[in-house]
Amino acid sequence: MATKRSKPASRKTRPVKSRKTARLRLPKTAARIVSVPLVSPLAPKNFPVLPPLAGVRLATGSANIRYRDRNDLVLAVLAPGTQVAGVFTKSRTAAAPVEWCRTQLPRQSARVLVANSGNANAFTGAAGRDAVRAVAGSAAAILDCHVHEVFVASTGVIGEPLPAEPITRQLGRLAESGAAGGWRDAAEAIMTTDTFPKMATARASIDNHRVTINGIAKGSGMIAPDMGTLLAFVFTDASLPAPVLQELLAAGARDTFNAITVDGDTSTNDTLLLFATGKGSQHPAIGRAGDRRLVEFRQKLNAVLQDLALQVVRDGEGARKLIRVDVSGAENDDSAKRIALSIANSPLVKTAIAGGDANWGRVVMAVGKAGEPADRDRLRIAFGGHVVAEKGQRAESYDESSATRAVSGQDVAIEVDVGLGNGRSRVWTCDLTDGYIRINGSYRS
């Protein structure tokens, strides 16, 4: 079951400048849609200020790949010895950068991350693979490292060839200008239809040694739980070997990035990477993910992942409401997860919530179509704690005004008890408005 949304540990925050005049520069296709807010109404009121992290230098620049008036390129230079873990899309049409990262991951070490926005470099054939090799080769030469230590990520339009030269000609300058700060600039540079940068930070203790965890992410549409559903990069100055990182990340993604959905569409480019530089407080060596000395670190890592994942849902294209779906009483946890996703991905459920309509019959429909064991007469459905259906019919205590109030605010809770077992799951989604159609109807225009 997913953990509750956690606030970043950093005390410093930076307010959103204005719902209308935020400094974020959106893609022209999003900015010119006048009925879609420039910044999501679900955006955080304040952005965390991520502290410098030992062993990470960041720089951003403009390769003018698609956007002409903003940065679209991130270079992260990592200290020698940095360990890496990753989780990627399960899409059968995975992009060239995903294939590259999967191939390099078993070597377990990383020195460079290059990420671009505006072009996904997906479904681009041999030219796409050549572009990744060119970028990785250039970065390796500039930073004097092995090419297998370079990780590459892309996000944007699918099917458009990615020119490598506009990226490679920027890398030397970015390598020289990299600095310990710049987290917000990096988060903004990887945005596409996002309306705000996604950042989270936490401090944890490993055997009484303090370490830092910083994370950035992008995601707004084409979000479905089949890995990490976006681009997300998490960094720590802890000294942890790659196998330990991999186990922690895979477990953490299960109830965070793999428990969110905006539209049910799994991206070709989903990439979640975790880097450990080992340059922070020198704690004793850790060899197992189950080591009791990692309890707090695991909790704080999961909190960062959860924070980033929920920011993605809050920035769902056209979203105006955050929806939490809790399923209990299923035969097992996997069954509960499939039922929860059936509800969260239902256009009929999501549009009803968008309109403030407590149409619980659509939840009944979504449970039934999930293909999981269910008994109509044991099913119990509630909106925000108000029971609307049970024992195979509308609840005797049902009150239309109470049910409507429960689905009318910005935060909506749908609770379903299947009544068959002990399986539980929590999934997060957002409502479906005309803003989603308008954004995606002109995405390439």
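Residues numbered from 1 in each chain as written. Predicted model: local features only at pLDDT ≥ 70, side-chain atom pairs only at ≥ 80, totals over all residues. Heavy atoms only, no water.

Chemist: Looking at this structure, I do not really get the environment of Arg254. What am I missing?
Modeler: Relative to the helices and strands, Arg254 resides in helix α6 (residues 242-254). Since its relative accessible area comes to 47%, Arg254 is described here as partly exposed. Residues Arg254 and Asn302 lie 48 residues apart in sequence; the distance between their C-alpha atoms is 9.8 Å. When neighbours within four sequence positions are excluded, Arg254 is seen to be in contact with Ala259 and Lys337. (Helix = DSSP H or I, 4+ residues; strand = E, 2+ residues; numbered from the N terminus. Buried < 20%, exposed > 50% of the residue type's maximum accessible area, 1.4 Å probe, protein only. Contact = heavy atoms within 4.5 Å.)

Chemist: Please explain the sheet that holds strand β10 (residues 231-236) as it appears in this structure.
Modeler: In a beta sheet, neighbouring strands pair by backbone hydrogen bonds and run either parallel or antiparallel. One open sheet holds the five strands; their spatial order is β5-β11-β10-β9-β8, and the pairing between them is mixed. Edge positions in the open sheet fall to β5 (83-88) and β8 (198-206), since each of these has one partner strand only. Across the sheet, the mean angle from the axis of one strand to that of its neighbour is 15°, orientation sign disregarded. Pairing of β5 with strand β11 (residues 271-276), which is carried by six bridges, proceeds in the antiparallel orientation. Residue pairing across strands places Gly86 opposite Leu273, the latter belonging to β11. Relative to β5, α6 is tilted by about 30°, and along the sheet it contacts β5 and β11. (Pairing = 2+ DSSP bridges. Axes fitted to C-alpha atoms, helices over the stretch in contact; angles between N-to-C directions.)

Chemist: Which parts of the structure should I look at to understand the pairing of strand β4 (residues 73-78)?
Modeler: The side chains of a regular strand alternate between the sheet's two faces. The buried fraction of β4 is high, at six of six residues. By the alternation rule, side chains of β4 split into Leu73, Leu75 and Val77 and Val74, Ala76 and Leu78, which are all buried. Where strand β3 (residues 56-61) and β4 come together, six bridges link them in antiparallel fashion. Bridge pairing in β4 places Val56 opposite Leu78. In this sheet, strand β6 (residues 112-119) lies alongside β4 in antiparallel orientation, the contact comprising five bridges. If you follow Leu73 over to β6, its bridge partner there is Asn116.

Chemist: Help me out: how do you make sense of helix α10 (residues 360-369) in this one?
Modeler: Residues lying three or four places apart along an α-helix face the same way, a consequence of the helix completing one turn every 3.6 residues. Among all positions in α10, only Val363, Ala366 and Val367 are buried. Taken end-on, α10 shows its buried residues confined to a sector of 100°, consistent with a single buried face. Buried-residue contacts for α10 involve α8 (333-344), α9 (347-354), β13 (380-383) and β16 (411-417). Phi turns positive, to about 80°, at Gly371, one or two residues after α10. (Arc of directions from axis to C-beta.)

Chemist: Quick question: what am I supposed to make of the sheet that holds β13 here?
Modeler: The six strands lie next to each other as β15-β14-β13-β16-β12-β17, forming an open sheet whose pairing is mixed. Either end of the sheet is taken by a strand with one partner, and the two such strands are β15 (393-394) and β17 (423-430). Where strand β14 (residues 386-390) lies against β15, two bridges are found, and the strand directions are antiparallel. By the bridge assignment, Glu390 is partnered in β15 with Gln393. Where α9 meets the sheet, it contacts β12 (322-330), β16 and β17, and its direction lies at approximately 135° from that of β16. Sitting on the sheet, α10 touches β13, β14, β15 and β16, and the angle it makes with β13 is about 135°.

Keep in mind these numbers describe shape, not what the thing actually does.
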